[in-house]
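# Fold and contact review
Residue-level listing of the chains:
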Amino acid sequence: MSTLLQERQQPITAPRLRDRVAAQRATPRESARREPEAAVPNRPVEAPHARWRVILGSIVATLREWRRRSVARRELANFDERMLRDIGIDPSIVAYEMYQSFWRPLRDWRD
């Protein structure tokens, strides 16, 4: 009977929240998620720079195309009237093309 009295005299405390959270974290699902990636066999590894290469490649291709258009317009401006008549383009069309921005594609005026 003395043991019962001793237990009764001790204050009753609720379990701490920290103890409950620690018990919830120790689930088998969590331990499976924390497995290192190197331990997973045959997992495809994607190079992080591959996407940047595609983006950079498209930017470079666009810049090259803009440069090609600019050079083509300058060459067209250097043609004399006889050469323009030979290819079937009016000089006023050349003047119009010269004032177009480099990002606009060249039009085919021979149709």
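Before reading further, recall that the structure is shown in the block above.
Below is a short write-up of the structure. Everything quoted here is computed from the prediction, not taken from an experiment.

## Re the pattern of salt bridges
Under the definition given, this model contains 4 salt bridges. Among the ionic pairs, Glu 65 bridges to Arg 68, the shortest N-O distance being 2.5 Å. Taken together, the positions of Glu 65 and Arg 68, both in helix H4 (residues 50-78) and 3 residues apart, correspond to about one turn of that helix. Residue Glu 65 is classed as partly exposed on the basis of its relative accessible area, which comes to 27%.

## Regarding the packing of aromatic side chains
Given two aromatic rings, their pairing is described by the distance between the two centres and the angle made by the two planes. For the structure shown, the criterion picks out 2 aromatic pairs. Considering the side-chain rings of Trp 66 and Phe 102, the 5.1 Å spacing of their centres and the 70 degrees angle between planes classify their relative orientation as edge-to-face. Of this pair, Trp 66 sits in helix H4 while Phe 102 is found in the segment after helix H6 (91-98), placing the two residues 36 residues apart along the sequence. By relative accessible area, Trp 66 is classed as partly exposed at 30%. Given a relative accessible area of 37%, Phe 102 falls into the partly exposed group. Seen from their ring centres, Phe 102 and Trp 103 are 5.0 Å apart, and the 80 degrees between their planes marks the pair as edge-to-face. Cluster of aromatic residues (ring-pair linked, three or more members): Trp 66, Phe 102 and Trp 103.

## Points about the environment of Thr 62
Inspection of the secondary structure assignment puts Thr 62 in helix H4. On the accessibility criterion, Thr 62 (35% relative accessible area) is partly exposed. Taking the C-alpha atoms as reference points, Thr 62 and Trp 103, separated by 41 residues in sequence, lie 9.0 Å from one another.

## Comments concerning H4
Think of an α-helix as turning once every 3.6 residues; residues three or four places apart then point the same way. The end-to-end C-alpha separation of H4 is 42 Å, in line with the 42 Å expected for 29 residues at 1.5 Å each. Of all the positions in H4, only Arg 69, Arg 73 and Leu 76 are classed as buried.

## With respect to the side chain of Arg 69
Secondary-structure assignment places Arg 69 in helix H4. Among the polar contacts made by the side chain of Arg 69, one reaches the main-chain carbonyl oxygen of Trp 103 at a distance of 2.5 Å.

## Some details on the nonpolar core
By size, the foremost hydrophobic cluster in this structure holds 5 residues: Leu 76, Leu 84, Ile 89, Ile 93 and Val 94. Leaving out residues up to four positions away in the same chain, Leu 76 has contacts with Leu 84, Ile 89, Val 94 and Glu 97.

## Notes on H6
Along H6, the residues that are buried comprise Ile 93, Val 94 and Glu 97. In an axial view of H6, the angular spread of the buried residues amounts to 100 degrees, which keeps them on one side of the axis. Turning to H6, the residues buried within the fold contact H4 and helix H5 (81-87).

Cut-offs applied
Residues numbered from 1 in each chain as written. Predicted model: local features only at pLDDT ≥ 70, side-chain atom pairs only at ≥ 80, totals over all residues. Heavy atoms only, no water. Salt bridge = Lys/Arg side-chain N within 4 Å of Asp/Glu carboxyl O. Helix = DSSP H or I, 4+ residues; strand = E, 2+ residues; numbered from the N terminus. Buried < 20%, exposed > 50% of the residue type's maximum accessible area, 1.4 Å probe, protein only. Phe/Tyr/Trp six-rings, centres within 6.5 Å; stacked < 30°, edge-to-face > 60°. Expected span 1.5 Å × (residues − 1). Polar contact = N/O pair within 3.5 Å; in protein donor to acceptor, adjacent residues only side chain to side chain. Core = buried A, V, L, I, M, F, W, Y, C linked by side-chain atoms within 4.5 Å. Contact = heavy atoms within 4.5 Å. Arc of directions from axis to C-beta.

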